[in-house]
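Listed here are the chains, written in short residue letters.
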Amino acid sequence: RDANKLAIGYDEGTVVLKLGHEMPVASMDNHTGKLVYSLNNEIVTATLKGIAEKVEAEGISDGERLPLSAKDLGSTEIYPQSVKHNCNGRFIVVCGDGEYIIYTSQALRNKSFGSALDFCWSGLGTGDYAVRETISRVKTFKNFKEHKTIKAPLSSAEGLFGGQVLAIKGSDCVVFFDWSEGVFIRKIDVVPTDVHWNESGELCLLVCEETCYVLKYDANAVTSAIENNSFSAEEGVEGAFELLHELNDQVKTGEWVGDCFLYTNNSNRLNYFVGGEIMTLCHLDQEMYMLGYLPKEDRVFLIDKALNVVSYKVLLTVLEFQTAVVREDIEAANEILPSIPESEHNSVARFLESQGLKEEALSVTKDPDQKFDLSLELGKLDVAYEILLQIPEADKDTTDTQSKWKRLGDLALSTGDLSRAEQCSEASGDTAGLLLLYTCTGNAEGVSKLAAQAKDLGKTNVAFISLFLLGRIEECVELLMDTGRIPEAAFLARTYMPSEMSPIVAKWKADLSKVSERAAQALADPAQYPNLFPDLEWAQMVEEHFKKNRENYLAASSYPEASKDLELDLIDIFKQQASAQAMAAPPAVDTPEVEEAKAPAPPTGEDEAAAA
């Protein structure tokens, strides 16, 4: 029954006609809450005043249909295509069939009428309005009497918009005129589908098909230019409008509340725009059209094409607070803030953050996630740390919590707070970060503790590197064996722990024989084929010396000198020292076996560094 499309079938096909338009013929007075709408030629009224109490008493949630008591005002002589209240709500105009009739809003008494292609109310005077009689003639009326005829610098006037000044739409632009004198103010090269003014007349929003433009209107400059006759007939008044923002959305219906613009868009969302930011209030279930906002009710009202009225709660204090912030009136904003319920503090904090007021947002928000993010951005590490400590026990092992610890640790590390970075890495289980921290600070005890922690957590790569840096090669070999990396364990032992080679090769053979017996037999065991491992006994001597001195860690400051020892051949050094001892020994001792069995003299400091 709500459809307005008619399908007509005939021999050659089908034609679908759309009758009228989707938008309901309705208007609401924002001062009294009186709603007026049409049912065919009948004008019906209902009141929305006090609806907030009724909503709470009956438990009606946002978006549910409101139970309204309708009352017939009477019938009109023309079929209504639009209904609109004037600026103070005392009169309504009904337009249709190329005519308009102005009625009193309370009793539907005829006040004025005439022919018009378009009609718009002034935002200044009770009985001030303008009509577009033809594409070339626009007339203004003052107190319901004809005032001036305006000749717009357009080839064709295609629409009218009221408000603080009169706007006439052309085919490729819109021109603005003063209501009182009919003076040309400015030409703007956009083609708006609607124009909205805020109550103070300072802000103007031009609604275009793809985007919208928020302009600031300087009424004082225009008044001064008209009084001093300093305007240009071709250019208008210089500086009358200033572009503030561009609203990248497709606005369907909307209304200003202070410096906040409430609107519905083509995606069926109820949004509001303030300070260059778009915020979504809710998603609408169907196509809805805005009637207006009642400050005393803290509600915005919408209507659908079936004339069902719904409302959504939008606190006036929040809008006033945001308006004060946009105007940079921080003192007024601080006075309003205590009256805002705590349930709205998070949305207020998000708005403050979008305006760059992050310190203020941090003090207002109750959302721990937002508070944590803000504290990181402001460099307040202690605040962020306390927030993480307050996380419930059940949530401490979640991915989100671990990620927060890591972010805090990274920031602490970048600012040089190493103790805080260590705490965060431990809390998040960031073994890689701890490895970096301990190695950079020369913390051998920390590396030792990390080796055990990483092993328990299954971080074998970190555990291996930690053990290797500490010189605990036996544990490195054991770790490789436990993880099934027997070949790597064998090669590690061949390089750093030759005494462990034989048992590892035996295990390697047993493991490899499961795949290929021939390949397993090809592996050489040092115990069986010592000839394939030259200088093995000397290497084991170096190993013993390494085990005795591996706890003597070198300071990082000694690296320039110690790095030269990396090129030393330790086996060759041990041989040279053994040879020197043999030459200095008594002649009676001449058997090679005894010479080989003698332990070499302790190496020099350079040799110790190389062995370590």
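Below you will find a few notes about this structure. Since the structure is predicted, the reported quantities are computational estimates derived from the model, not experimental observations.

### Considerations on the overall build of the protein
Then, in step 1: Within the protein, the secondary structure is distributed over 22 helices and 29 strands.
Then, in step 2: In summary, the protein has a C-alpha radius of gyration of 43 Å against a globular reference of 25 Å for 612 residues, an excess of more than 25%.
Then, in step 3: Judged by the C-alpha coordinates and their principal axes, the protein covers about 140 × 70 × 55 Å.
Then, in step 4: When burial is assessed residue by residue, the protein has 44% of its 612 residues classed as buried.
Then, in step 5: Contacts spanning at least 24 positions in sequence make up 43% of the contacts within the protein whose residues lie at least 6 apart.
Then, in step 6: In the structure as shown, the protein presents an accessible area of about 32,700 Å², 48% of it carried by carbon and sulfur atoms.
Then, in step 7: Between the centroid of the 56 positive side chains of the protein and the centroid of its 98 negative side chains there is a distance of 7 Å.

### Examining the sheet that holds strand S23 (residues 251-257)
Then, in step 1: The four strands are arranged S23-S24-S25-S26 in an open sheet whose pairing can be described as antiparallel. Unpaired on one side and paired on the other, S23 and strand S26 (277-283) mark the two borders of the sheet. For this sheet the average axis-to-axis angle between neighbouring strands, irrespective of direction, equals 25 degrees.
Then, in step 2: By the bridge criterion, six bridges tie S23 to strand S24 (residues 260-265) in an arrangement that is antiparallel. Residue pairing for S24: glutamate 255 is matched across the bridge by leucine 262.
Then, in step 3: The sheet contacts of helix H3 (residues 316-326) involve S23, S24, strand S25 (269-274) and S26, and relative to S25 the element is tilted by about 35 degrees.

### A look at the pairing of strand S5 (residues 42-47)
Then, in step 1: Two strands pair when backbone bridges link them, and strand S4 (residues 34-39) and S5 are joined in this way by six bridges, in the antiparallel orientation. Each bridged residue has a counterpart across the sheet, and for leucine 35 the counterpart in S5 is alanine 46.
Then, in step 2: Taking the residues that link successive antiparallel strands as the turn, the S4-S5 hairpin has two residues, and the phi of asparagine 40 there is positive, at about 60 degrees.
Then, in step 3: Bridge analysis of S5 against strand S6 (residues 71-75) gives four bridges, and the strand direction is antiparallel.

### Focus: helix H14 (residues 473-482)
Then, in step 1: Burial in H14 covers these residues: Ile473, Cys476, Val477, Leu479, Leu480 and Met481.
Then, in step 2: Those residues of H14 hidden inside the fold are in contact with helix H12 (444-457), helix H13 (460-469), helix H15 (486-496), helix H16 (501-512) and helix H18 (536-549).
Then, in step 3: Glycine 484 sits one or two positions beyond H14 and adopts a positive phi of about 80 degrees.

### Focus: the nonpolar core
Then, in step 1: Within the largest apolar cluster, 36 residues are counted, with the highest numbers of intra-cluster contacts made by Leu270, Tyr293, Val300, Leu302, Tyr312, Phe321 and Val348.
Then, in step 2: Setting aside residues no more than four positions away along its own chain, phenylalanine 321 makes contact with Ala333, Ile336, Leu337, Ile340, Val348 and Leu352.
Then, in step 3: With 31 residues, the next largest nonpolar core counts Ile473, Leu492, Ala493 and Leu523 among its residues.

### Remarks on the sheet that holds strand S14 (residues 145-150)
Then, in step 1: The strand order across the open sheet formed by four strands is S11-S12-S13-S14, and the pairing between neighbours is antiparallel. Here the strands that pair on one side only, and so sit at the sheet edges, are strand S11 (118-121) and S14. The average angle at which neighbouring strand axes cross in this sheet is 20 degrees, direction not considered.

### Quick word on the pattern of salt bridges
Then, in step 1: Taken as a whole and judged by the stated rule, the model has 20 salt bridges.
Then, in step 2: A salt bridge links lysine 139 to glutamate 146, with the nearest nitrogen and oxygen atoms 3.6 Å apart.

### Digging into the packing of helix H5 (residues 345-354) against helix H7 (residues 368-377)
Then, in step 1: The contact between H5 and H7 brings their axes to 11 Å, and the two run at 25 degrees. Relative to H7, the element H5 lies roughly parallel. H5 and H7 meet at a crossing whose hand is left-handed. Of H7, the residues touching H5 (which contributes Asn346, Ala349, Arg350 and Glu353) are Gln370, Leu374 and Glu377.

### So, unusual backbone geometry
Then, in step 1: Backbone geometry at leucine 108 places phi at a positive 60 degrees, although glycine is not the residue there.
Then, in step 2: If you trace the backbone, leucine 108 turns up in the loop between strand S9 (99-104) and strand S10 (110-115).
Then, in step 3: According to the relative accessible area criterion, leucine 108 is buried, its value standing at 11%.
Then, in step 4: For aspartate 298, which is not glycine, the phi dihedral falls at a positive 55 degrees.

### Regarding the packing of aromatic side chains
Then, in step 1: Overall, the coordinates contain 19 aromatic pairs when judged by the stated rule.
Then, in step 2: Look at phenylalanine 177 and phenylalanine 184: their rings are 5.7 Å apart centre to centre, the planes differ by 50 degrees, and that puts the pair in the tilted class. For the pair formed by phenylalanine 177 and phenylalanine 184, the shared burial category is buried.
Then, in step 3: Between tryptophan 197 and phenylalanine 241 the ring centres are 6.3 Å apart and the planes differ by 50 degrees, which places this aromatic pair in the tilted class.

### Focus: the side chain of aspartate 259
Then, in step 1: The residue aspartate 259 is located in the loop between S23 and S24 in this model.
Then, in step 2: A residue is classified by how much of its surface remains accessible, and aspartate 259, at 9% relative accessible area, is buried.
Then, in step 3: There is a polar contact of 2.7 Å between the side chain of aspartate 259 and the side chain of arginine 327.
Then, in step 4: Setting aside its immediate chain neighbours within four residues, aspartate 259 contacts Asn198, Leu203, Phe273, Val274, Thr323 and Arg327.

### Considering a nonpolar patch on the surface
Then, in step 1: Taken together, the side chains of Leu6, Ile8, Tyr10, Val15, Leu17 and Leu19 define a hydrophobic patch exposed on the protein surface, amounting to about 510 Å² of accessible area.
Then, in step 2: If you tally residues by element for the nonpolar patch, the top one is strand S1 (residues 5-10), at three residues.

### Quick notes on the environment of serine 354
Then, in step 1: Positionally, serine 354 belongs in helix H5.
Then, in step 2: Assessed through its relative accessible area of 30%, serine 354 is described here as partly exposed.
Then, in step 3: When the C-alpha positions of serine 354 and glutamate 277 are compared, they lie 7.3 Å apart, and in sequence the two are 77 residues distant.
Then, in step 4: Leaving out residues up to four positions away in the same chain, serine 354 has contacts with Glu277 and Met279.

### Remarks on the pairing of strand S16 (residues 166-169)
Then, in step 1: Going residue by residue along S16, you find Leu166 and Ile168 tucked away on one face and Ala167 and Lys169 tucked away on the opposite face as well.
Then, in step 2: Between the end of S16 and the start of strand S17 (residues 174-177), which pair antiparallel, lie four residues.

Criteria and thresholds
Residues numbered from 1 in each chain as written. Predicted model: local features only at pLDDT ≥ 70, side-chain atom pairs only at ≥ 80, totals over all residues. Heavy atoms only, no water. Helix = DSSP H or I, 4+ residues; strand = E, 2+ residues; numbered from the N terminus. Rg over C-alpha atoms; globule rule 2.2 N^0.38 Å. Buried < 20%, exposed > 50% of the residue type's maximum accessible area, 1.4 Å probe, protein only. Contact = heavy atoms within 4.5 Å. Areas by Shrake-Rupley, 256 points an atom, 1.4 Å probe, with all protein chains shown as cover. Lys, Arg positive; Asp, Glu negative; His and termini not counted. Charge placed at Lys NZ, Arg CZ, Asp CG, Glu CD. Pairing = 2+ DSSP bridges. Axes fitted to C-alpha atoms, helices over the stretch in contact; angles between N-to-C directions. Core = buried A, V, L, I, M, F, W, Y, C linked by side-chain atoms within 4.5 Å. Salt bridge = Lys/Arg side-chain N within 4 Å of Asp/Glu carboxyl O. Parallel < 35°, antiparallel > 145°, perpendicular 65-115°, else oblique. Left-handed = near helix turned anticlockwise from the far one by under 90°. Phe/Tyr/Trp six-rings, centres within 6.5 Å; stacked < 30°, edge-to-face > 60°. Polar contact = N/O pair within 3.5 Å; in protein donor to acceptor, adjacent residues only side chain to side chain. Patch = residues over 30% accessible without salt bridge, like charges linked within 9 Å, V, L, I, M, F, W, Y side chains within 5 Å.

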